[in-house]
Amino acid sequence: MSELTSESARAALLASDGPTILDALPHPVLLVAPDGVIESANMAAEIFMRSSASFLRRHPISEFVPFGSPLLTLIDQVRERAAPVNEYKVDIGSPRIGAPKIVDINAAPVADRPGAVVLMFQERTMAEKIDRQLTSRGAARTVTSLAAMLAHEIKNPLSGIRGAAQLLEQSVVDDDRSLTRLIMDETDRIVRLVDRMEVFSDERPIERDPVNIHVVLDRVKSLSDKGFARNKRIVEIYDPSLPPVYANKDQLIQVFLNLVKNASEAIGDDPDGEIRISTAFRPGVRLSVPGTEARVSLPLEFCVQDNGPGVPDDLLPHLFEPFITTKTNGSGLGLALVAKIIGDHGGVIECDSQRERTVFRILMPAFTEGGNPVSDLNSRGIE
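Keep in mind it's a predicted model, so treat the numbers as computed, not measured. (Residues numbered from 1 in each chain as written. Predicted model: local features only at pLDDT ≥ 70, side-chain atom pairs only at ≥ 80, totals over all residues. Heavy atoms only, no water.)

Novice: I would appreciate a short explanation of a negative patch on the surface in the present structure.
Specialist: Residues Asp-269, Asp-270, Asp-272 and Glu-356 make up a contiguous surface patch of negative charge. Relative to the elements of secondary structure, Asp-269 occurs in the loop between helix H11 (249–267) and strand E9 (274–281). (Patch = residues over 30% accessible without salt bridge, like charges linked within 9 Å, V, L, I, M, F, W, Y side chains within 5 Å. Areas by Shrake-Rupley, 256 points an atom, 1.4 Å probe, with all protein chains shown as cover. Salt bridge = Lys/Arg side-chain N within 4 Å of Asp/Glu carboxyl O. Lys, Arg positive; Asp, Glu negative; His and termini not counted. Charge placed at Lys NZ, Arg CZ, Asp CG, Glu CD. Helix = DSSP H or I, 4+ residues; strand = E, 2+ residues; numbered from the N terminus.)

Shown next, in the form of structure tokens:
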């Protein structure tokens, strides 16, 4: 999903050729004055709002959204905090705009205009209306039944096949011994694949503790430097003030090892290849909890970025589904497992990819004294 940062949106609006730049953008962008009146709109906003720019400039934003819309609250929060706020999956549909209209909103203040707010909408398709958290979990769980079936119905016969091949190896001539070895090697490979798939059917509660994410990332970098990323440049951009994340340390190490390994393989032998690992605090990002009106804050952002060739456009929407891979010998279960682990921790994972810039972005809740809000919701069966 393409994304325009609040800083670039603000700069474009205030530049002398701002209207020309904004009209080239595919996303609706509005400038809301301190009194709530729409002051500027690009062409995408005119289409989205079903009104001309001249008409929009004569009316407050409140006339285009339902009464009590979350958008109005979001604007108030930006003014109060004087900081950008992002919110996902907000319905701003109305008779004037058209219903429904599910969008991701990026709202940011204008530095030299107190009270003025820049809004950018990213409209979601019908498929994207499903909550991101459930989407990530569902992608991994699509193989749960298959994993259970494979574990019980395939591993036992495979054990017999391997045992028979071992017995044959002792009696065949040397020229045929390679065939029995091939049978055993392929049997072992299938067993390893089934073992990996069994992870998806594991619904046991996760043992969690407050975890310093930078301790996890330091361990991941150390393992990477000694292994698959031995000759790769890894850049660390950390916010040392981050609060702990409520998580299973070993599972987080598994997640980031997988992402860094994928990044390393993506850049290959490129001498200019670079992997960036970053952490940041994003207090404005919130996620709706299906079945309730609650919105859970996911302020911890962890990113793994590489400057490889990028993910093919046709593969990107299905990246976290099982058996999706571009690797010749890949099983396509690595990212599906990552999605399951992050989802089980109450977080979400996204991928934004273009040539020389692929970013895997993980958003997770921070640890709070007295229990984590997302884990509390999940314990009551709300996912």
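Novice: In this structure, what is going on with the pattern of salt bridges? I would like to understand it.
Specialist: Oppositely charged side chains can form a pair if their charged atoms are brought close together. The tally for this structure, following the rule as stated, stands at 11 salt bridges. One salt bridge connects Arg-181 with Glu-169, and the closest N-O pair in it is separated by 3.4 Å. One end of the pair, Arg-181, is in helix H9 (residues 174–198); the other, Glu-169, is in helix H8 (residues 155–171), with 12 residues separating them in the sequence. A residue is classified by how much of its surface remains accessible, and Arg-181, at 37% relative accessible area, is partly exposed. (Buried < 20%, exposed > 50% of the residue type's maximum accessible area, 1.4 Å probe, protein only.)

Novice: What exactly am I supposed to notice about the packing of aromatic side chains here?
Specialist: Where two aromatic rings form a pair, the distance of their centres and the angle of their planes describe that pair. In this structure the tally under the stated criterion is 4 aromatic pairs. An angle of 40° between the planes, with centres 5.4 Å apart, marks the rings of Phe-48 and Phe-121 as tilted. With Phe-48 in helix H3 (residues 43–49) and Phe-121 in strand E5 (residues 113–123), this residue pair connects regions lying 73 residues apart in the sequence. Looking at Phe-121, the relative accessible area reads 1%, which means it is buried. An angle of 35° between the planes, with centres 5.5 Å apart, marks the rings of Tyr-246 and Phe-367 as tilted. Pair noted here: Tyr-246 is in strand E8 (residues 245–247) and Phe-367 is in the loop between strand E14 (357–364) and helix H13 (373–379), with a separation of 121 residues, a long-range link. (Phe/Tyr/Trp six-rings, centres within 6.5 Å; stacked < 30°, edge-to-face > 60°.)

Novice: Looking at this structure, I do not really get the sheet that holds E5. What am I missing?
Specialist: Sheet strands associate in pairs through backbone hydrogen bonding, adopting either a parallel or an antiparallel arrangement. Spatial strand order, E2-E1-E5-E4-E3: 5 strands in an open sheet with antiparallel pairing. Looking along the sheet, the strands with just one partner apiece sit at the ends: strand E2 (38–41) and strand E3 (85–91). In this sheet, neighbouring strand axes are inclined to one another by 25° on average, regardless of whether the strands run parallel or antiparallel. Here 5 bridges tie E3 to strand E4 (residues 102–110), and the two strands are oriented antiparallel to one another. Paired with Asn-86 across the bridge in E4 is Asn-106. (Pairing = 2+ DSSP bridges. Axes fitted to C-alpha atoms, helices over the stretch in contact; angles between N-to-C directions.)

Novice: Teacher, can you tell me more about H8 here?
Specialist: Between its first and last C-alpha atoms H8 spans 25 Å; for 17 residues at 1.5 Å apiece the expected length is 24 Å, and the two agree. Where H8 is concerned, the buried positions are Leu-158, Ala-165 and Glu-169. For H8, the arc enclosing every buried residue in end-on projection is 40°, short of the 170-degree limit, so these residues lie on one face. Opposite the buried face of H8, by more than 90 degrees, sit the exposed residues Asn-156, Ser-159, Leu-167, Gln-170 and Ser-171. (Expected span 1.5 Å × (residues − 1). Arc of directions from axis to C-beta.)

Novice: Help me understand the pairing of strand E13 (residues 348–354) in this model?
Specialist: Working note: regular strand, side chains alternate between the two faces of the sheet. With respect to burial, E13 is a largely interior element, 6 of its 7 residues being buried. When E13 meets E14, the two strands line up antiparallel, connected through 7 bridges. Bridge pairing in E14 places Gln-354 opposite Arg-357.

Novice: Can you walk me through the nonpolar core in this structure?
Specialist: A general tendency of soluble globular proteins is for nonpolar side chains to be buried together. Formed by 40 residues in total, the largest nonpolar core has its most connected members in Phe-256, Leu-259, Leu-319 and Ile-362. Put simply, the parts of the chain that give this core at least two residues each are helix H10 (213–225), E8, H11, E9, strand E12 (300–306), helix H12 (334–344), E13 and E14. If you tally residues by element for this core, the top one is H11, at 8 residues. The contact partners of Ile-362, leaving out residues within four places of it in the chain, are Val-255, Phe-256, Leu-259, Leu-300, Glu-301, Phe-302, Ile-342, Val-348 and Ile-349. (Core = buried A, V, L, I, M, F, W, Y, C linked by side-chain atoms within 4.5 Å. Contact = heavy atoms within 4.5 Å.)

Novice: Would you mind showing me how to read the environment of Pro-312 here?
Specialist: Checked against the element boundaries, Pro-312 lands in the loop between E12 and H12. For Pro-312, a relative accessible area of 36% corresponds to the partly exposed category. Between the C-alpha atom of Pro-312 and that of Ser-353, which follows or precedes it by 41 residues, the distance is 8.4 Å.

Novice: Quick question: what am I supposed to make of the packing of H10 against H11 here?
Specialist: In a packed pair of helices, the relevant descriptors are the angle between the two axes and the axis-to-axis distance. In contact at an axis separation of 9 Å, H10 and H11 are set at 50° when each is read in the N-to-C sense. Considered as vectors, H10 and H11 are oriented oblique to each other. Crossing of H10 over H11 shows right-handed handedness. Seen from H10, the contacting residues are Ile-213, Val-215, Val-216, Leu-217, Arg-219, Val-220, Leu-223 and Ser-224; seen from H11, they are Lys-249, Leu-252, Ile-253, Phe-256, Leu-257 and Val-260. For the contact of H10 with H11, a count of residues per class yields 11 nonpolar, 1 polar and 2 charged. (Parallel < 35°, antiparallel > 145°, perpendicular 65-115°, else oblique. Left-handed = near helix turned anticlockwise from the far one by under 90°. Nonpolar A, V, L, I, M, F, W, Y, C, P; charged D, E, K, R; others polar.)

Novice: How should I be thinking about the sheet that holds E12 in this particular structure?
Specialist: Spatially, the 5 strands line up as an open sheet ordered E7-E9-E12-E14-E13, and their pairing is mixed. Lying at the two open borders of the sheet, with one neighbouring strand each, are strand E7 (233–237) and E13. Here the average twist between neighbouring strands, direction ignored, is 15°. In terms of strand pairing, E12 meets E14 through 7 bridges, oriented antiparallel. Residue pairing across strands places Leu-300 opposite Met-364, the latter belonging to E14. Its contacts with the sheet put H11 on E9, E12, E13 and E14, and the angle it makes with E12 is roughly 25°.

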